[in-house]
Amino acid sequence: MDWRILGRSIAVITEKNMRIYYFKGPVVVFGLLFPFIMFLTFFIGRNLDIVLFFPGFLGMMLFFTSSSVGPLITPWEKREKTYERLISLPVILESIIIGDLLAGAIFGVAITAVVFLIAALLLHLPLAHAGILAIGFILGAITFAALGTLLASPTTDNPSNIMMLSSLVRLPLIFVSGIFIPLGQLGGWVFVLTSLSPLTYLVDLFHAALNGDAVYPPWLDALVLVLAILVFIWGAKVIQKRNLVKGI
Amino acid sequence: MRHEDYVIHTGISPSSIPGPNRYPHITPAGNTGTGIFHMDAIEAHNLRKNFGTFTAVDDVSLAVPEGAIFGFLGPNGAGKTTTIRMITGVLIPDAGSVRVLGTDVDRDPLAAKLKMGVIPENGTVYSDLTALQNILVTAKFFGMARAAREKRAAEILEMLGLSERKDDIVRTFSKGMRQRISIACAIVHSPPVLILDEPTTGLDVYSRRLVIDTVRHMNGQGSTVLLTTHNIDEANALCSMISIIRKGTIVATGSPEKLKKTFDTARYVEIAFEQPVGNGLFAAPGISRAEQWGDKWRIYTDDPDTAVKSLAALADKGHLTIVSIATSSPTLEEAFVRLTEEV
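Note that this is a predicted model, so its numbers are computed, not measured. (Residues numbered from 1 in each chain as written. Chains lettered and ligands numbered in written order. Predicted model: local features only at pLDDT ≥ 70, side-chain atom pairs only at ≥ 80, totals over all residues.)

Participant: Could you give an account of the overall build of chain B, with specific residues and numbers?
Facilitator: What chain B contains, in helices and strands, is 10 helices and 14 strands. Within chain B, counting contacts between residues at least 6 apart in sequence, those at least 24 apart form 72% of the total. (Helix = DSSP H or I, 4+ residues; strand = E, 2+ residues; numbered from the N terminus. Contact = placed C-beta atoms within 7 Å.)

Next up, the structure:
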């Protein structure tokens, strides 16, 4: 394996994805508008403590922006018949998976960072640990971009099928991730259910970074996110390899 | 007759086909150190692919000599595209192996794909990018430096008649123009091996000529070409060697002339008389059967020499005036039809 060629193929796929799928007017506008709408939906009229709940909001935003476009790339390329040509170029499955993942992660970090900076200035948010915040941004973006890549893997050339699957997987994750109710206030089976979602650990990491009120130690949050990344990438590779064997 | 009966052994060895090695960065496995290369550019060994219970490709082996234009022919569903997809690393074979200029496609796909330029049958370029952007992005995959890829892209766009549309989004292009961009992407890195799956299907005459000229040009520059086509005339005009596949199995391999000569027995004589004649006239030595073709008769024969002499004698005896007479040459199309027809 020539790592230089692999690295180049990943970089070109990342750049190609960002140019074709991410940094387009409608996608960027949607990326910026969506969290604003979510903010209005969950905070306005509910008399919630914005500072207390902001880590949850930040986690939800990074989750949505990083995993929003990724699930559509492979089905879209199969539909447009560009996928076949892509895999005949000097790339391997890992190039495509990691390239898709990095494009989603960069988009998620860019959009979420802009919103975070604006919110931090307007709301005078506390910052307990900048390093943990940076780690949270990077790990969270990669984790949920990897989830997007996994969701893109099932055999279909119809993006609307993947949209449905994506919504089925992503929306429930929000409700079981301690976003609306702080983890510390949960108990029993709800706490166990919450601990199954990787988004829980990202939100907890943001709690540690902003308010300093995390439930789990930051290293455990980070470890779970790294494991989730590995599982998502492995799952995507297994499914996409099976597709290559089946010729679909 | 079984199809296996047609298999031809041409005696053509890879080294007998000239092919200058203008890719010094690629070390051929068969370099003996004497300056003479004994290597096939593409070696596919015993490829097999099943889709469920259907066997699409069954024990297919191909050896494409370096420097050749190699045609891969077969009817729809014969297994051409499946074979090409396995050779280009797009589809994983159930069994068998592929080597491109000595590099195993399965074991080292990145290095193998660097040596190939591919136009897949089911693949196209990015509609949301311009013609130039498509070529430049592809060139990046092959590690070309910025100045080199910009210079090469300009050259290719000029060669393919797309310079004026280089900054237009591909979505606005016709099928022929898209195919030209696809070809531009395939040759941007001057690949040692060029693989084209049905490159001219559905194209207008102008685009088809450009594609054929480009294939010839690339071969002249030293690229080995493997192409599939439905167009027998195209294969006849372009290819130095041909393999014909039927129901997932190679039924013949050889030069077009060798394949044609295999079916020399399928020759006929076309004759037209000034007077009307009936089918009963043609009962003579050397004549297998006769069919009326418009104002002419087509006389099928195993021995054109005897048939022509018999026809002249018949005309003389019956006081018939011959308006025209011509013997056919065996065609590649005839060979193709005979090789791929249902038993």
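Participant: Can you tell me about the overall build of chain A, naming the residues and giving the values?
Facilitator: Counting its regular elements, chain A contains 11 helices and zero strands. Reading chain A from its N end, one meets helices and strands in the order α-α-α-α-α-α-α-α-α-α-α. The globule rule puts the C-alpha radius of gyration for 248 residues at 18 Å, and the 18 Å found for chain A is close to it. Its C-alpha atoms give chain A principal-axis dimensions of roughly 55 × 40 × 35 Å. (Rg over C-alpha atoms; globule rule 2.2 N^0.38 Å.)

Participant: How would you summarise helix α3 (residues 50-67) of chain A if you had to cite specific residues and measurements?
Facilitator: Residue and element names in this part refer to chain A. The end-to-end C-alpha distance of α3, which contains 18 residues, comes to 24 Å, matching closely the 26 Å that a straight helix rising 1.5 Å per residue would cover. The largest bend in α3 is about 25°, located at G56. Of all 18 residues in α3, 14 are buried; the element is thus mostly enclosed. (Expected span 1.5 Å × (residues − 1). Bend = angle between axes of the 7 residues up to and from the residue. Buried ≥ 20, exposed ≤ 12 C-beta atoms within 10 Å, placed from the backbone.)

Participant: Explain the sheet that holds strand β6 (residues 116-119) of chain B to me, using residue names and the numbers behind them.
Facilitator: Residues and elements named next belong to chain B. One open sheet holds the six strands; their spatial order is β6-β7-β8-β3-β9-β10, and the pairing between them is mixed. Each having just a single partner strand, β6 and β10 (249-254) make up the two edges of the open sheet. Between one strand axis and the next, the sheet turns through 15° on average, direction left out of account. By the bridge criterion, four bridges tie β6 to strand β7 (residues 193-197) in an arrangement that is parallel. Within β7, the position partnered with I119 by the bridge is L196. Running at roughly 150° to β7, helix α1 (residues 80-87) makes contact with β3 (69-73), β7, β8 (224-229) and β9 (241-246) of the sheet. This element, helix α6 (residues 205-220), spans β3, β7 and β8 of the sheet and lies at about 155° to β8. (Pairing = 2+ DSSP bridges. Axes fitted to C-alpha atoms, helices over the stretch in contact; angles between N-to-C directions.)

Participant: Got a sec to walk through the interface of chain B and chain A? Specific residues and values, please.
Facilitator: In this assembly, 28 residues from chain B lie in contact with 22 residues from chain A. Of all elements in the fold, only α2 (109-114) and α3 (131-141) of chain B reach the threshold of two or more residues within the side of chain B that touches chain A. Looking at the side of chain B that touches chain A element by element, the count peaks at five residues for α2(B).

Participant: Requested: an account of the sheet that holds strand β4 (residues 95-100) of chain B, with residues and values cited.
Facilitator: Residues and elements named next belong to chain B. Judged by pairing direction, the sheet is antiparallel, and its four strands sit side by side in the order β2-β1-β4-β5 without closing on themselves. Looking at strand neighbours, the two that pair on one side only are β2 (54-65) and β5 (103-104), the edges of this open sheet. Pairing analysis gives nine bridges linking strand β1 (residues 40-51) to β2, with the strands arranged antiparallel. Within β2, the position partnered with F51 by the bridge is F54. Sitting on the sheet, α1 touches β1, β2 and β4, and the angle it makes with β1 is about 120°.

Participant: Please provide a residue-by-residue account of unusual backbone geometry, values included.
Facilitator: Residue and element names in this part refer to chain B. Of note in this structure, E198 is not a glycine but carries a positive phi near 50°. For E198, the position within the fold is in the loop between β7 and α6. According to the C-beta neighbour criterion, E198 is buried, with 20 such atoms within 10 Å. In the Ramachandran plot, K247 falls in the positive-phi region, its phi being about 50° despite a non-glycine side chain. Within the element layout of this structure, K247 appears in the loop between β9 and β10. When the 17 C-beta atoms within 10 Å are taken as the criterion, K247 is described as partly exposed.

Participant: Describe the packing of helix α2 (residues 25-43) of chain A against α3(A), with residues and values.
Facilitator: All names here are of chain A. The geometry of α2 relative to α3 is characterised by a closest axis approach of 10 Å and an angle of 140° between their N-to-C directions. Crossing of α2 over α3 shows right-handed handedness. Between α2, through G31, F34, P35, M38, F39 and F43, and α3, the contact on the second element is made entirely by I50, F57, M60, M61, F64 and T65. The residue inventory of the contact of α2 with α3, partitioned by class, reads 10 nonpolar, two polar and no charged. (Left-handed = near helix turned anticlockwise from the far one by under 90°. Nonpolar A, V, L, I, M, F, W, Y, C, P; charged D, E, K, R; others polar.)

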